[in-house]
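Listed here are the chains, written in short residue letters.
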Amino acid sequence: MISDIISARDAALAHIAEATSPDEVAAMTTRYAGKKGELAGLKKQLGQLESIDDKKAAGAAINEAMAAVDSALAERRDAVATAALSARVESERLDLTEYVAKPTRGHAHLVTQAWERLEDVFVGMGFRVAEGPEIETDWHNFEALNMPIGHPARGEWDTLFVDHVPPGGQAGTTVLRTHTSPVQIRTMLSQAPPIHIIAPGRVFRRDTPDSTHMPVFHQIEGLVVDRDISMADLAGTIDAFTKAFFGQEWNSRLRPSYFPFTEPSAEFDIQRPDGSWIELGGCGMVHPDVLAAGGIDPEEWSGFAFGFGIDRMAIMRHGVADIREMFTDDLRFTEQFS
Amino acid sequence: MKILMSWLNDYGDFGDPTSEADVASLSDALTSLGLEVDSIEQVGETVDGVVTARIVRLESHPDAAKVQRVFVDAGDGVERHVWCGADNISADDIVPLATLGTTMPNGMTIERRGILGIDSEGMLCSAQELGLGEDHSGIRLLPADTPLGLPYGDALGITPDVLFDVDVTRNRPDCWGYVGIARDVAAKLGVEFRPPVPVFAPTGDARSAPVEILAGDRCARFTSTVISGVVVGESAPWLQRRLTAAGMRPINNVVDVSNYVMLELNQPNHAYDLDTLGGGGFRVRMAADGEHLVTLDGEDRTFSAQDLLICDANDIPIGVGGVMGGLDSEISNSTTTVALEMAWFALVGIGQTVTRTGMRSEASQRFERGVDPYGMPTAIARFADLLAETCPDLVIHDGMVDARSDDLMPEERSVQVRIGNVNRIIGSDLAADDLPGLLDPIGYTVSGTGDTRTVVLPTWRLDSTAEIDVIEEIARHHGYDKLGSSVPKPAGHGGLSVHQQRRRQVRQVLLGLGVTEAMPNPFLAPDTLERAGLATEAIRITNPLVSDESVLRTSLRPGLLRSIAFNESHRRVRASLFEIGHVYPPAEGDLPGEFEQLTVVLAGAEAPAAMAVWRELTASLGGGARIDQSKVPAGLHATRSATLQAGKDPLGAVGEVAPDVLASFGVSERVAILEVDLDQFLAREPKPSQWKSTSRYPSSDLDLSFVAADDVPAEKVEKAVRQGAGKFLVDLDLFDNYRDPARPGTRALGYRIRLQAPDRSLTDADVSEVRRGIQSAAAKLGVDLRS
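**Points about the confidence of the model for chain B**
Averaged over all residues, the pLDDT of chain B equals 93, while 100% of them reach at least 70. Scored as a whole, the predicted complex attains pTM 0.86, and scored at its interfaces, ipTM 0.87.

Next up, the structure:
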């Protein structure tokens, strides 16, 4: 009996050692270790033995044989699974530099990218974003901004006029807005101070396109109206923006200039870390007549406004030599930028 | 305004033009005052080796037709021979001689060079060759008393100098004259300001050129002064040099002095020959419509009733008020007596005439900005002082006429300035007693005591009318750099509006779908809308730069189609572009019906691709629309397009661009298109989605294929499936649309229907019931299960 057990065990162990696939291991598990397996069959025969000692000895031999077979099966199962996994992984080798499907993604326009970056900086400084129509009334674009009809400064805006005539109004009083400043007026008329807004938008001038000018371009304008707002607040806001947008090592300065809608007026320049200056935009204290046109008492409130070009921010950032390139929608241009 | 530093030094000590530090300090002071220096140019450099020489004699050579032999004496007793092609020279003329070895400004070096075997020992120079101006018509002749052998620069009084180009803003009329700039910058630098103090006084017997002002609203003051003893000739070299530096051509002593006074004192003026002045006087009146006059620049110009004319006493026009004189009233060489006009014209009227006629002049640009209405007496005397230098017998006659209208502004205008308001606006900490020190030097006279002071405004600062104007002057002279820096606290919080956030989200969805943002020209050619198959009513630009850019877009479609065609022409096919931008359809009202539109164009793609974009947008942003294929939007493919209908209002369009439209734009690919009224779409912010629990029980899938006639929209079949499936439906996917050639007029629509119950596993009986429900709902549409 015991020799049967040992020879069955050895045969099983030898067979198990030859298994090469999980399926084979599974079949052998049934055959050698299952309830109807060979060793289980021998175990059933134990009862036929007569001597207690023989039963004990044979029982011990069977238990030892079953344990050995179980252990061999487990070991073999692991070995076969590991080998199968390695084989699979090896068979699936790819050259990742051999990509085929090009990922397609769209490209935001450079002007939009600059626009959103500017918005984000100003939003971080506590500004909200105001918008207005691109076709404007003469009143919003000029008159309310301290440029009554006949004001000589109007000539500097190279205005494009459109043929829309308001009911009861006159021809020649509807314009493509020449600046985003009408949004100041619309905001003041619709909202009581304190006001903290920026107004990015598209503006129009009767300008022949060249490498630095387009008849259609984009500006961003800021307006703050509150009690006791002074030129120091203007200078501080410009400087905070300069550092937030361009970098902490950048500086800014104001120098006197003229705009009909601000007084005192200033140009603002920014200074690169290397010390050189760039003229960026115009600003000033909102003219009392402009506050009044916006329905705000200039004795009670004061404010400042500033504005500059968005397109130029895009050009400066990416080194675009000709502004016209940005508006051709040439994919060979657009796809150069993320 | 061009400012010659040596000339500016007449009115204050602003430093040495050859000192870089002095030039920089003047430039910085100008810029800090708002007189931005656009450029700084070194002038008055002379050419070494060019000396004065006298022409001893001239000889022609029988074999040389175009040049002659000239023998010159450069003061060293040696007779030099040069060949010369100019014909304006004769014996005893004093001329500039470039000696051997001289390098000319154009880089040429003067060498011994022979013609017909005879060497030239130098070159006689024209003004242009010496960098003295444009004149190259002959040799630059020098005054007869010029010593010989001198560097020509010394002979002409040319010294190294600096020319500033100053950008004068519209609020600084005074800075169109040297004296105005000098006054401002002297105050800034703390330098003594020395304006010219003319001394010439009327001495002659009374002679008048009478003046009649008939348009007092346009000409508030007109003075005429009779000056005799005039001898017309050349101006002194120093005066010619200054005018040349300022960009003006010297003409004769009278015209040159007229121009000089304008540049110095910002008082444009005009000298008429009194002997040819009809009736010996002036009438200032509006033109009759169609009246014309040949102006100084030789143009025959026609005027309207809005233009102001200066006429002689016989009512014959002789000039355009404040803009330009007539050609016939010019000073001639025989003029001996002049009637000098110094007048003041209304700013707006000048501007309108300039705009209407396109005439521009040094005078008009000054009058347009505002000349001192009380500056005439000084300017008249200055005119006489300067002219007397070349006309020793000059006489100003008594009887100067000073005609004024009621529109002349008062000489003394004043405003109250509150120191509290000054500090409130500019953020300074000034005391009222600081005001005189800042303002008096620039002619704003401060008086009174206490916190509110009276400030008399200078007559030359017509731009100054209110307290805020004086505050600006205080800020400028106090210094913008001394105003401090603070950041105001916003009252609320910053942020984008919901609309703005959703607009950004639209853009992100599209970029993620591989669509690139475009920004084409919003101006269209007159025929573009028609070519795009769109309604041709549009807003037009009345003064376009070019007619091809004269129509405002009513749709983003044409611009994007052009961009696709452009990219196709560069072999970039399958362009996927979108634009978010304003369109401007006409409408009644204060303003046209402007709104924000989104258009997506997918070249090389068919209509379902546009539908897929629309589905992604609605999946991300919420909202939606009925796809109404019975309403084909204009310009789109008739059988592949639909109106997006949101309630009663059209929200946009989806489909493909019509083939004939594509052809007219030169686009060879198909173009799928989606157009959405963004104002409407973004305004419909959906409520936040509410949570629904997900089932823990297994789901069952049911694949059903229906045969539907072509005129039954899949949308309706899908709706029937949803209805029929009832509460167990969790997902529905159209996975197949097969057109069996054997069953024309129909197609098979295959749906995968996923069913699940929240509280138990579904049984076969449940699934069968759902299947029956769907089948019967579909049957009502006349749609059967495919067998």
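**Points about the interface of chain A and chain B**
At the junction of the two partners, chain A supplies 72 residues and chain B supplies 73 residues. For the side of chain A that touches chain B, the secondary structure elements donating two or more residues are α5 (110–124), β1 (128–129), β2 (135–137), β5 (216–226), α8 (231–245), β6 (251–259), β7 (262–271) and α11 (331–334) of chain A. It is α8(A) that contributes the most residues to the side of chain A that touches chain B, eight residues altogether. Split by residue class, the side of chain A that touches chain B holds 34 nonpolar, 22 polar and 16 charged.

**Considering the packing of helix α2 (residues 20–32) of chain B against helix α4 (residues 178–189) of chain B**
Residues and elements named next belong to chain B. Packing of α2 against α4 brings their axes to within 10 Å, and their N-to-C directions diverge by 105°. The angle between α2 and α4 falls in the class roughly perpendicular. Only Val185, Lys188 and Leu189 of α4 make contact with α2, whose side of the interface consists of Leu26, Ala29, Leu30 and Ser32. Here the residues of the contact of α2 with α4 are counted per class, giving five nonpolar, one polar and one charged.

**Overview of the sheet that holds strand β35 (residues 700–709) of chain B**
Note: strands within a sheet are paired through backbone hydrogen bonds, in either parallel or antiparallel orientation. Residue and element names in this part refer to chain B. If you trace the four strands from one edge of the open sheet to the other, you get β36-β37-β35-β38, paired in antiparallel fashion. In the strand order of this sheet, the two ends are held by β36 (729–738) and β38 (784–785), each with one partner. In this sheet, strand β37 (residues 746–755) lies alongside β36 in antiparallel orientation, the contact comprising eight bridges. Paired with Asp733 across the two strands is Arg752, which belongs to β37. Strand contacts of helix α19 (residues 714–725): β35, β36 and β37, with the helix running at about 145° to β36, the strand carrying the most contacts. This element, helix α20 (residues 764–779), spans β35, β37 and β38 of the sheet and lies at about 15° to β35.

What counts, and where the lines are drawn
Residues numbered from 1 in each chain as written. Chains lettered and ligands numbered in written order. Predicted model: local features only at pLDDT ≥ 70, side-chain atom pairs only at ≥ 80, totals over all residues. pLDDT = per-residue confidence, 0-100. Contact = placed C-beta atoms within 7 Å. Helix = DSSP H or I, 4+ residues; strand = E, 2+ residues; numbered from the N terminus. Nonpolar A, V, L, I, M, F, W, Y, C, P; charged D, E, K, R; others polar. Axes fitted to C-alpha atoms, helices over the stretch in contact; angles between N-to-C directions. Parallel < 35°, antiparallel > 145°, perpendicular 65-115°, else oblique. Pairing = 2+ DSSP bridges.

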